[in-house]
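# Residue-level structural notes
Here is how the chains run, residue by residue.
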Amino acid sequence: MPIAQPPAPSVVSWMEHDDPREALWLSDTQGPVPSRLVIANDTLSADAAYRLISQGTSLLWRGDFQNARQLLQALARRIDNTPASKRKRKIKAEPTTPHDLFNRHRQQQSQRTALLNRLLIELDAQACIHLKRAPLAQEACHAALGDVDAAFLLPLRALQGLIGAHEWRKKGVAIPGLPGNIHVHYGVFSPNRGEYIDLVAQAPLPATDLAFDIGTGSGVLAAVLAQRGVRKVMATDLNPKALACARENIDRLGFGNVIELLQTDLFPTGKSSLIICNPPWLPARPTTAIEHAIYDPDNQMLLGYLQGLPAHLRADGEGWLIMSDLAEHLGLRSHDFLPKAIANAGLRVIEQHTVKPRHRKATDPTDLLHQARQAEVTSLWRLALTKQHT
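Residues numbered from 1 in each chain as written. Predicted model: local features only at pLDDT ≥ 70, side-chain atom pairs only at ≥ 80, totals over all residues. Heavy atoms only, no water.

As recorded by an unreviewed UniProt entry, the chain carries the name Class I SAM-dependent methyltransferase and is attributed to Pollutimonas harenae.

See the structure below:
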């Protein structure tokens, strides 16, 4: 599979003080180019700003940066408390299918994001913000976006996300058993949900000579295998950002002589006694680059992993599949889909290790998807070849 390249930046043009102005718009991270743009400052009321963004107008902020933050919060409150939103909340109480709830949830989140992303901040070619009381954003922007080399616009909400993600990257995520934290780059899946890592740390290893980690992301599972004594781990990913993130983590943890990174689609060449994969858990279409770690359209990666196992798994080896059943509870997959896919690939289940999620949303009754999240179970499926494939 060819490596996807991000689209070239678009250009936003506008008039300001009777002068034509322009800046870059990074479409791969921000969505469509603004169609209408007006200058806004501290004199603009939240009600007036809400009317403008509701009509499709983007606001380029020229006032105090902290006032822009307060305006964004005020806009979020208005979006969440409009009469239309209240009607939707009433509908939620009516009987409906989990699939309908999921689609409604994604639609509401998409519409909310689109509205809030119409409050824009301009950054210069060095990612400096020339507004009163503005934060230093150069380091966070460079880490997430690379060298832009020209003035560009960002939604304030997206800018806050970049800065927050960078702080989390510096802090890292503590993983029990590892000699240090996992530091996650922007756009790479973060191992905040540690229960699936616990499954990998506790399942009995079929061998310790060689393992493949398919779709390594931050490199956390490859590191866990190395910490458990696997002497060689070949970790693959298509995303160059993920590979750069994994390389930093692996070197920082001292596993550089154990873990080899490869940019490839799914499997490296050869066979292994242990092949592990934690694909995206929900079979839906991602709408942003960062959602590729969550959504797997048409179960492509899941099925690719299962169907490729027989050609890469040694006769006495095991394939470990880490999956949540949230998709089944949301009606996105039938409950017999995964067992059938495993059997159709020429595989059998040795054992299924399970754990309940511990994240905050699993116990939040106000979450639209609470019923499905409450029933969710994360599993490590230990798979082996059927006799005809050995």
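### Concerning the UniProt feature "domain: Methyltransferase small" (unreviewed entry) in the chain
According to UniProt, the "domain: Methyltransferase small" (unreviewed entry) feature falls on residues 183-285. Between the first and last C-alpha atoms of residues 183-285 the distance is 27 Å; the span itself is 29% helix and 19% strand. (UniProt positions renumbered as here; feature names shortened; annotations may be inferred. Helix = DSSP H or I, 4+ residues; strand = E, 2+ residues; numbered from the N terminus.)

### Observations regarding the domain arrangement of the chain
By the assigned domains, the chain splits into domain 1 (11-167) and domain 2 (173-385). Computed from C-alpha atoms alone, the centre-to-centre distance between domain 1 and domain 2 is 33 Å. With twelve residues of domain 1 at the contact, the number on the domain 2 side is 16 residues. For the pair domain 1 and domain 2, the summed buried area comes to about 1,300 Å², and 64% of that belongs to carbon and sulfur atoms. Per-residue buried area on domain 1 facing domain 2 is highest for F102, H105 and R106; these three make up 42% of the total on that side. Remark: the boundary between domain 1 and domain 2 carries zero salt bridges. Here domain 1 and domain 2 share four residue pairs in polar contact (both at pLDDT 80 or more) between them. Of all the secondary structure elements, the ones that give two or more residues to the side of domain 1 that touches domain 2 are helix 5 (98-116) and helix 7 (156-171). For the side of domain 1 that touches domain 2, the per-class residue count stands at six nonpolar, two polar and four charged. (Domains from an automatic or database assignment. Contact = heavy atoms within 4.5 Å. Buried area = accessible area lost by both parts, 1.4 Å probe. Salt bridge = Lys/Arg side-chain N within 4 Å of Asp/Glu carboxyl O. Polar contact = N/O pair within 3.5 Å; in protein donor to acceptor, adjacent residues only side chain to side chain. Nonpolar A, V, L, I, M, F, W, Y, C, P; charged D, E, K, R; others polar.)

### Remarks on the sheet that holds strand 12 (residues 347-355)
Taking strand neighbours across the sheet as the criterion, the seven strands line up as 9-8-7-10-11-13-12 in an open arrangement whose pairing is mixed. Both edges of this open sheet fall to strand 9 (259-263) and strand 12, since each of them pairs with a single strand only. Across the sheet, the mean angle from the axis of one strand to that of its neighbour is 20°, orientation sign disregarded. Here helix 8 (residues 195-202) sits on the sheet in contact with strand 10 (272-277), strand 11 (313-324), strand 12 and strand 13 (378-385), set at roughly 40° to strand 13. (Pairing = 2+ DSSP bridges. Axes fitted to C-alpha atoms, helices over the stretch in contact; angles between N-to-C directions.)

### Looking at the environment of G331
Tracing the backbone shows G331 in the loop between helix 12 (326-329) and helix 13 (337-344). Judged by relative accessible area, which is 41%, G331 ranks as partly exposed. Separated by 230 residues in sequence, G331 and L101 place their C-alpha atoms 9.7 Å apart. Residues in contact with G331, not counting those within four places in the same chain, are P98 and H99. (Buried < 20%, exposed > 50% of the residue type's maximum accessible area, 1.4 Å probe, protein only.)

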